[in-house]
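Notes for the structure review
Residue-level listing of the chains:
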Amino acid sequence: MTDRTTEQLKDELLALALEAAAKAGELLRDGRPADLGVAATKSSSIDVVTEMDLAAEKLITGLIAQARPRDGILGEEGASVTGTSGVRWVVDPIDGTVNYLYGRPEWSVSVAAELDGERVVGVVEVPTRRETSHAVLGRGAYLNGERIAHRPSPPMAEALIGTGFNYVRTVRTAQAEVARVLLPQVRDIRRAGSAAIDLCDVACGRLDGYYERGLHPWDLAAGDLIAREAGALTGSRPGEPPSYDLTVAASPGVFGPLQRLLDELGAWHD
Ligand code: IPD
């Protein structure tokens, strides 16, 4: 594909990602039943799915299938389509389902597109903040249309770090131990409850860094690209890209010390 054609394709994918995330966000914000309950559980009894996760994924995958029927799709709630176009969509209809269930505001819709295995578009919609973050590979990151950048890096002792805890109790016991050692070494720790929002918060300077073990591709695909395009660094264990074992994102001066400390603490395993 020529560069010009690739750039046009990225424009098309971005427009579709923005449309799908906005429509799903609207459905979720305006259509949340007052008596919303748990429809199913996944990795443990506290890893929940609501009817609205399912409805939002259906809406997003329907829009994608209609506009681009040859694309692949991977969705948190089971969407799995092997495409033939070289494009694959990675979708989290509600990132922060527990917050959504409890009526807390920190939840998002995350839609990313990969081209030949490389992330090229990411959109994170946060309806309760009326915020849309997006990035296109090589074109920077934006919040409601304004270019964003990470915060200037403070020393580790003054860094505000986000994290999250897994739904599996043995994993979160190990995560609590990592947080116990990290907490006295930084300004403070935040646990918002949506990995996609955490990554966008690093991107726009609301956090100095973020780490978590146990993220799935749909939790991190869009937010990782947005953080990188905002100039933040992302990774896992030293030299590795973000993964289920460990995801680290931070402004450049915080990333190295944070990653080294997490590695010393064995933050990627029990
Ligand atoms: C969860 C959120 C949460 C993180 C969990 C994720 P979900 O995603 O991102 O912040 O701590 O690891 O699974 O289940 O609400 O889509």
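Rules of the game
Residues numbered from 1 in each chain as written. Predicted model: local features only at pLDDT ≥ 70, side-chain atom pairs only at ≥ 80, totals over all residues. Heavy atoms only, no water. Helix = DSSP H or I, 4+ residues; strand = E, 2+ residues; numbered from the N terminus. Buried < 20%, exposed > 50% of the residue type's maximum accessible area, 1.4 Å probe, protein only. Pairing = 2+ DSSP bridges. Axes fitted to C-alpha atoms, helices over the stretch in contact; angles between N-to-C directions. Contact = heavy atoms within 4.5 Å.

Details of unusual backbone geometry
Positive phi, close to 50 degrees, is recorded for Asp 116, a residue that is not glycine. Mapped onto the elements, Asp 116 comes out in the loop between β6 (108-115) and β7 (118-126). Residue Arg 130 is not a glycine yet carries a positive backbone phi of 50 degrees. With respect to the secondary-structure elements, Arg 130 resides in the loop between β7 and β8 (131-136). According to the relative accessible area criterion, Arg 130 is exposed, its value standing at 62%.

Some words on the sheet that holds strand β12 (residues 188-190)
Note on sheets: strands pair through backbone hydrogen bonds, and any given pair is parallel or antiparallel. In space, the five strands of this open sheet follow the order β12-β11-β13-β15-β14, with mixed pairing throughout. Lying at the two open borders of the sheet, with one neighbouring strand each, are β12 and β14 (233-235). Averaged over neighbouring strand pairs, the angle between their axes works out to 15 degrees when direction is ignored. Where strand β11 (residues 160-163) meets strand β13 (residues 209-212), three bridges bridge the pair, whose relative direction is parallel.

Structural notes on the pairing of strand β15 (residues 247-250)
Burial along β15 is two-sided: the face carrying Thr 247 and Ala 249 and the face carrying Val 248 and Ala 250 are both buried. As judged from the four bridges shared by β13 and β15, these two strands associate in the antiparallel manner. Opposite Tyr 211, over in β15, you have Val 248 as the bridge partner. Looking at chain direction, β14 and β15 are connected through three bridges and run antiparallel. Among the inter-strand pairings, Gly 235 is bridged to a residue of β15, identified as Val 248.

Quick look at the sheet that holds strand β4 (residues 80-81)
Strands sit in the order β4-β3-β5-β6-β7-β8-β9-β10 across an open sheet of eight strands; the sheet is mixed. Looking along the sheet, the strands with just one partner apiece sit at the ends: β4 and β10 (146-148). Across two bridges, the pairing between strand β3 (residues 72-75) and β4 is antiparallel. The partner of Ile 73 across the bridge, within β4, is Val 81. Packed on one face of the sheet, helix α1 (residues 3-30) meets β5 (87-95), β6, β7 and β8 and runs near 25 degrees to β7. Of the strands in this sheet, β3, β5 and β6 touch helix α2 (residues 51-67), which is tilted by about 155 degrees from β5.

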